Amino acid sequence: MMDAPRLKQPNSRHCFVCGLENPVGLRLAFYSTGPGEVACEYSAPEHFQGYPGVVHGGIVASMLDETVGRAAMEGDSNRFMMTAKLEIRYRQPVPTGTPLRVVGRLVSRRGRVAHATGQIVLPDGMVAAEAQAMLVDLPDLPGQDQTLESLGWKVYPD
């Protein structure tokens, strides 16, 4: 179980990792668990496997990428950042159908650049995979004048 207090973060409609309307996505729900820290609980279904019973490494990377980004955004979930560098260390196979705890922590922020770490933790407390990332503020994109909620970025009820 996650430690209290926790505040649910926004999800999107179509993001591969957090998009609630993405029929092929992961649909992870993240919670702020402290300053610069986020967490989610997830059990990957078998259709995300690489080898039988093991989550595909690309899915593991996607989970960690989202997690470090959200750690860097914690406290201002409308400050979008993109990954400039992501280094992943795969320590143990990540099993499908197993409750996982995914945790991200902000390490530092200076101007437009942030550094964060992430981990996927198995039920026994072993770290299965970990990441270090450098993130930068997302540049202005076409269509950013729309409200974020109209684009589907909001806190959805559990």
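Residues numbered from 1 in each chain as written. Predicted model: local features only at pLDDT ≥ 70, side-chain atom pairs only at ≥ 80, totals over all residues. Heavy atoms only, no water.

A.B. asks: Where do I start with helix 1 (residues 57-73) in this structure?
C.D. replies: Because the α-helix completes a turn every 3.6 residues, residues three or four places apart line up on one side. In this model helix 1 runs 24 Å from its N-terminal to its C-terminal C-alpha over 17 residues, within 8% of the 24 Å that 1.5 Å per residue would give. Within helix 1, 13 of the 17 residues are buried, leaving the element largely enclosed by the surrounding structure. Looking one or two residues past helix 1, G75 carries a phi angle of roughly 95°, positive in sign. (Helix = DSSP H or I, 4+ residues; strand = E, 2+ residues; numbered from the N terminus. Expected span 1.5 Å × (residues − 1). Buried < 20%, exposed > 50% of the residue type's maximum accessible area, 1.4 Å probe, protein only.)

A.B. asks: Even after reading the chapter, I still don't get the pairing of strand 6 (residues 113-121), so can you show me in this structure?
C.D. replies: Taken together, the nine bridges between strand 5 (residues 100-110) and strand 6 define a ladder with antiparallel strand orientation. Bridge assignment links S108 to a residue of strand 6, and that residue is H115. With antiparallel pairing between neighbouring strands as the criterion, strand 5 and strand 6 make up a hairpin whose turn holds two residues, including G111 at a positive phi of roughly 65°. Here nine bridges tie strand 6 to strand 7 (residues 127-137), and the two strands are oriented antiparallel to one another. Bridged to V121 within strand 7 is V127. In textbook terms, the turn of a hairpin is the stretch between consecutive antiparallel strands, and for strand 6 and strand 7 this stretch comprises five residues, one of which, G125, has a positive phi near 95°. (Pairing = 2+ DSSP bridges.)

A.B. asks: Hey, could you run me through the nonpolar core in this one?
C.D. replies: Generally speaking, a soluble globular protein has its nonpolar side chains buried in company with each other. Within the largest apolar cluster, 33 residues are counted, with the highest numbers of intra-cluster contacts made by L26, L28, M63 and I120. Among the elements of the structure, strand 3 (37-42), helix 1, strand 5, strand 6 and strand 7 are those that each provide at least two residues to this core. The biggest single contributor to this core is helix 1, with eight residues. (Core = buried A, V, L, I, M, F, W, Y, C linked by side-chain atoms within 4.5 Å.)

A.B. asks: What exactly am I supposed to notice about the packing of aromatic side chains here?
C.D. replies: Both the distance between ring centres and the angle between the ring planes are used here to describe each pair of aromatic rings. Tallying each qualifying case throughout the model produces one aromatic pair. Lying across the ring of Y31, R6 places its NZ or CZ 4.0 Å from the centre. (Phe/Tyr/Trp six-rings, centres within 6.5 Å; stacked < 30°, edge-to-face > 60°. Lys NZ or Arg CZ within 6 Å of the ring centre and 35° of its normal.)

A.B. asks: Please explain the pattern of salt bridges as it appears in this structure.
C.D. replies: It is possible for side chains bearing opposite charge to pair when their charged atoms get close. Counted by the stated rule, this structure contains six salt bridges. Residue E21 is joined to R13 by a salt bridge in which the shortest nitrogen-to-oxygen separation is 4.0 Å. Among the residues examined, E21 registers a relative accessible area of 48% and is labelled partly exposed. Between R91 and E130 there is a salt bridge, with its nearest N and O atoms 2.7 Å apart. (Salt bridge = Lys/Arg side-chain N within 4 Å of Asp/Glu carboxyl O.)

A.B. asks: Just checking my understanding: could you explain the sheet that holds strand 6 for this structure?
C.D. replies: Read across the sheet, seven strands follow the order 1-2-3-5-6-7-4 without closing on themselves; strand pairing throughout is antiparallel. Each edge of the open sheet carries a strand with a single partner, namely strand 1 (7-8) and strand 4 (81-90). Looking at chain direction, strand 4 and strand 7 are connected through nine bridges and run antiparallel. Within strand 7, the position partnered with R89 by the bridge is E130. The strands touched by helix 1 are strand 3, strand 4, strand 5, strand 6 and strand 7; relative to strand 4, the strand with the most contacts, the crossing angle is about 130°. (Contact = heavy atoms within 4.5 Å. Axes fitted to C-alpha atoms, helices over the stretch in contact; angles between N-to-C directions.)

Take it as geometry only, folks, not as evidence of what the structure does.
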